[in-house]
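Chain residues, written in single-letter form:
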Amino acid sequence: MAGVVNRKISASSARTHTREANHKTTNLKISGMLRRSALLFFVGFLSWALTATQIPAPKICGSPKGPPVTAARIKLSDERHLAYKEYGVPKEKANYKIIFVHGFDSCRHDAVIAQTLSPEIVKELGIYIVSFDRPGYGESDPNPKRTVKSMALDIEELADQLELGSKFYVIGISMGGQVLWSCLKYIPHRLAGAGLLAPVVNYWWSGFPGNLSGEAYNQQFRQDQWALRVAHYIPWLTYWWNTQKLFPSSSVASHSTDTLSPQDQELVPKLIHRISHMAEVKQQGAFESIHRDMIVGFGDWEFSPMDLENPFPNNEGSVHLWHGDDDRIVPVTLQRYIAQQLPWIHYHEIPGAGHLFAYADGMCDSIIKAILTG
């Protein structure tokens, strides 16, 4: 019949076509399985990530399921409470009024200035000291909106509610020392003087030469470098990073003694009193205390301390910074650079001293005399 073409298909050709068809079907099945596996992996990872990064709600002091309120407290303008503790002579009779800012993983009970200052100096000079729980610590309400600036405003409001007068002194240690930069920026007009004791440095402050901040950053333990990177670049992972067991977390948060200098090791017994109140430090939750500290302290600041101007241009007060040259938690090199850039700061470098130098015998007597009487 015209137009009809007869084709003979060999057995081998038929087998080839069959194999190709089967191969395509197999490829489609494998491709589908891979897509389903990838989807399941993604869903599983997302579920794990959401669970792992879930931050427990804080247990607010005085709430039905929270710790009891035992401290004196003020209510701030935003309805938060700030707990405080007073030392020294009554404020009504004081010649000098000092607000002390505690460090990382500490609370109002850790006022080293008040605890180690000789009673004779307290009485002779007429010194009043108030230490307070920073937000989320101890019995002070957490502040989910905490910023560098809000800490300075909390301090100003504490001074006003306690009627400390138009001017007062501020002294801070370690992470509390870092807070004092915000006081110098936002409430300099309220300060009579300031003392920064081994203040923590943010390696991302503008104004640091890249090679200098990089060198200081690399002096940290590798695990601390990672903990700081997480706090700075992916703050929402900070809680998970410091509570997971896959990788080493912050050595400071885990109370590792590896970061302590020889002098620090000798001074550790002087901190034995902390045993009685350690449970109170993070009783409202670790996130709103130590982890919020890391996020704010090592986050992006809206100003750099290197840009600050002298708050006492007429020498009506002074700013002092003390640091040990063997501090293995906060490298001394950056403090030296800060002191060079801000010549109005009275810089005191202590040979052989580590991060805990303030607990050394007689140290706080010298610090107080320098700040209050020059």
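Residues numbered from 1 in each chain as written. Predicted model: local features only at pLDDT ≥ 70, side-chain atom pairs only at ≥ 80, totals over all residues. Heavy atoms only, no water.

A. Up close: the side chain of S251. With respect to the element layout, S251 can be found in the loop between α8 (238-241) and α9 (262-267). The exposure class assigned to S251 is buried, which follows from its relative accessible area of 1%. When near neighbours in sequence (up to four residues on either side) are disregarded, S251 contacts F221, Q223, D224, S256 and T259. (Helix = DSSP H or I, 4+ residues; strand = E, 2+ residues; numbered from the N terminus. Buried < 20%, exposed > 50% of the residue type's maximum accessible area, 1.4 Å probe, protein only. Contact = heavy atoms within 4.5 Å.)

B. Up close: the nonpolar core. Among the nonpolar cores identified, the biggest contains 109 residues, and I99, I155, W181, F357 and I368 are the most heavily contacted of them. Among residues more than four places away in sequence, those in contact with I155 are I99, V101, F132, F168, V170, V179, C183 and I187. (Core = buried A, V, L, I, M, F, W, Y, C linked by side-chain atoms within 4.5 Å.)

C. Layout of the packing of helix α4 (residues 148-161) against helix α5 (residues 175-186). Interhelical geometry of α4 versus α5 gives an angle of 75° and a closest axis separation of 8 Å. In terms of their interaxial angle, α4 and α5 are classed as roughly perpendicular. Note on element contacts: α5 touches α4 through V179, S182, C183 and Y186, opposite V148, K149, M151, A152 and I155. Across the contact of α4 with α5, the residue classes break down as seven nonpolar, one polar and one charged. (Axes fitted to C-alpha atoms, helices over the stretch in contact; angles between N-to-C directions. Parallel < 35°, antiparallel > 145°, perpendicular 65-115°, else oblique. Nonpolar A, V, L, I, M, F, W, Y, C, P; charged D, E, K, R; others polar.)

D. Representation of the packing of aromatic side chains within the structure. Counted according to the given criterion, the structure contains 15 aromatic pairs. Ring centres 5.7 Å apart and planes at 90° place the aromatic pair Y186 and F303 in the edge-to-face group. With Y186 in helix α5 and F303 in the loop between α11 (287-297) and β7 (319-324), the pair connects residues that are 117 residues apart, well separated along the chain. Accessibility classification places Y186 together with F303 in one group, the buried group. Measuring from ring centre to ring centre gives 6.0 Å for W240 and W241, while their planes differ by 65°; the resulting arrangement is edge-to-face. A residue is classified by how much of its surface remains accessible, and W240, at 12% relative accessible area, is buried. These aromatic residues form a ring-pair network of at least three members: W181, Y186, W205, F208, W301, F303 and Y337. Positioned over the ring face of W226 is R229, at 4.7 Å from the centre of the ring. (Phe/Tyr/Trp six-rings, centres within 6.5 Å; stacked < 30°, edge-to-face > 60°. Lys NZ or Arg CZ within 6 Å of the ring centre and 35° of its normal.)

E. Quick look at unusual backbone geometry. The phi dihedral of E79 is positive, around 80°, even though this residue is not glycine. In this structure, E79 sits in the loop between β1 (72-75) and β2 (81-88). Residue classification places E79 among the exposed positions, given a relative accessible area of 51%. At D105, a position not held by glycine, the phi torsion is positive, near 55°. As for its position among the elements, D105 is in the loop between β3 (96-101) and α2 (112-116). You can call D105 buried: its relative accessible area is 4%.

F. Main features of the layout of surface pockets. By volume, the largest pocket amounts to about 980 Å³. Looking at the largest pocket, it is lined by 37 residues, and the ones nearest its centre are F104, V252, I329, H355 and L356. By residue number, the principal contributor to the lining of the largest pocket is helix α7 (residues 222-233), which donates three residues. Per-class residue counts for the lining of the largest pocket are 21 nonpolar, twelve polar and four charged. (1 Å grid on protein atoms, 1.4 Å probe; cavity = no way out; pocket = protein on both sides within 12 Å on 5 of 7 lines; lining within 4 Å. Points joined across faces, edges and corners; volume = space filled by probe spheres on them.)

G. Summary view of empty space enclosed by the protein. Under the counting rule described, the total for this entry stands at one cavity of 30 Å³ or more. Surrounding the largest cavity, 13 residues form its lining, M151, Q178, V179, V296 and G297 being those nearest its centre. Counting residues per element, the ones that place at least two in the lining of the largest cavity are α4, α5 and α11. Element by element, the count of residues in the lining of the largest cavity is highest for α5, at four residues. Among the residues making up the lining of the largest cavity, the classes are represented as six nonpolar, four polar and three charged.

H. Broad picture of the environment of Q335. Assignment of secondary structure puts Q335 in helix α12 (residues 332-341). Between the C-alpha atom of Q335 and that of A198, which follows or precedes it by 137 residues, the distance is 8.7 Å. Apart from residues lying up to four places away in sequence, Q335 is in contact with A198, P199, V201, L321, H323, V330 and Y347. Only 3.3 Å separates the side chain of Q335 from the side chain of H323, close enough to count as a polar contact. (Polar contact = N/O pair within 3.5 Å; in protein donor to acceptor, adjacent residues only side chain to side chain.)

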